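What the coordinates show
Here are the chains, one letter per residue:
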Amino acid sequence: MVDWTVDHYPVSTDSAESPSVLEIGCGNGTLLFAVHEAGYNPKKIHGIDCSENAISLAKSIASGKETEDATSIQFTVHDFLTEDLPRDDTTSDGWDLILDKGTFDAISLGKKDEDGCAPYRRYPQHLAALMKPGGRFLITSCNFTENELKSVFLVPEAGLVYHSRVQHPTFTFGGKSGSIVVTLAFEKPQ
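An account of the accompanying structure is given in this report. (Residues numbered from 1 in each chain as written. Predicted model: local features only at pLDDT ≥ 70, side-chain atom pairs only at ≥ 80, totals over all residues. Heavy atoms only, no water.)

**Description of the sheet that holds strand β1 (residues 21-24)**
Note the following rule: Here, strands pair whenever DSSP counts at least two bridges between them. Elements are defined by DSSP. Helices are runs of H or I of four residues or more, strands are runs of E of two residues or more, and each kind is numbered from the N terminus. With axes taken as lines fitted to C-alpha atoms, and helix axes fitted only over the stretch in contact, angles between N-to-C directions fall between 0 and 180 degrees. Throughout, a residue-residue contact means that at least one pair of heavy atoms, one from each residue, lies within 4.5 Å.
A sheet is described by the order of its strands in space; here seven strands give the open sequence β3-β2-β1-β4-β5-β9-β6, paired in mixed fashion. The sheet is open, and its two edges are formed by β3 (74-77) and β6 (161-166), each paired on a single side. In this sheet, neighbouring strand axes are inclined to one another by 20 degrees on average, regardless of whether the strands run parallel or antiparallel. By the bridge criterion, four bridges tie β1 to strand β2 (residues 45-49) in an arrangement that is parallel. Bridge pairing in β2 links I24 to I48. Taken strand by strand, helix α5 (residues 123-130) contacts β1, β4 (95-101) and β5 (131-141), and its axis lies near 135 degrees from that of β5. The sheet contacts of helix α6 (residues 146-153) involve β5, β6 and β9 (182-187), and relative to β9 the element is tilted by about 30 degrees.

**Considerations on the side chain of H36**
Considering the arrangement of structural elements, one finds H36 in helix α2 (residues 30-37). What H36 contacts, discounting residues up to four positions off in sequence, is P42, I45, T67, D69, A70 and I73.

**Some details on the layout of surface pockets**
Empty space among the atoms becomes apparent when a probe as large as a water molecule is rolled across them. As a reminder, the rule being used: In this analysis the probe radius is 1.4 Å and the grid spacing 1 Å, with only protein atoms considered; a cavity is a set of points the probe fits into but cannot get out of, a pocket is an open set with protein on both sides within 12 Å along at least five of seven lines, and lining residues have an atom within 4 Å of a point. Grid points are joined across faces, edges and corners, and a volume is the space filled by probe spheres set on the points. Here the nonpolar group is Ala, Val, Leu, Ile, Met, Phe, Trp, Tyr, Cys and Pro; Asp, Glu, Lys and Arg are the charged ones; every other residue, Gly included, is treated as polar.
Empty space within the largest pocket amounts to approximately 270 Å³. Contributing to the lining of the largest pocket are 13 residues, with T145, E146, G178, S179 and V182 lying nearest its centre. Split into classes, the residues belonging to the lining of the largest pocket amount to five nonpolar, six polar and two charged.

Remember, this is a structural readout, not a statement about activity or role.
What follows is the structure in structure tokens.
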């Protein structure tokens, strides 16, 4: 995911040019620390997770990093599907890049609500509301195929378009080829 980010959002020496990055379900912050270590402005990096323990751990890891500015990465306890995410000057019109490395998979395992709707069905619309026009969403899943992810995210209420995919190693079994993980990028048109 970091390589894709570097390829599509080149690192700039001008921190004002650095994209705003949000990770949904950041856990202990590992992915965001890697994004920061690739050269992105930590003041424009934000991780959210519904687990207070995960956010506490991410903040603890940040404070132990050798680079002091790692503590500038924001980590917030937040339930993505039920709460509005506060914005600041850099994200008032949305995020440039939103990352998900397994959170959609976890949400998809949730119980249906009283109307029989699976919680992951609300995800695309909530996601699109956080994205800047021209912004991108990069998702890695081990539970969904490329076509299944496209069928979830390429819906009218989200207004996203397919952007690209990350090629992962493949294997062949029973005459079929596949991968154990899929990473796709979607874009919100300008």
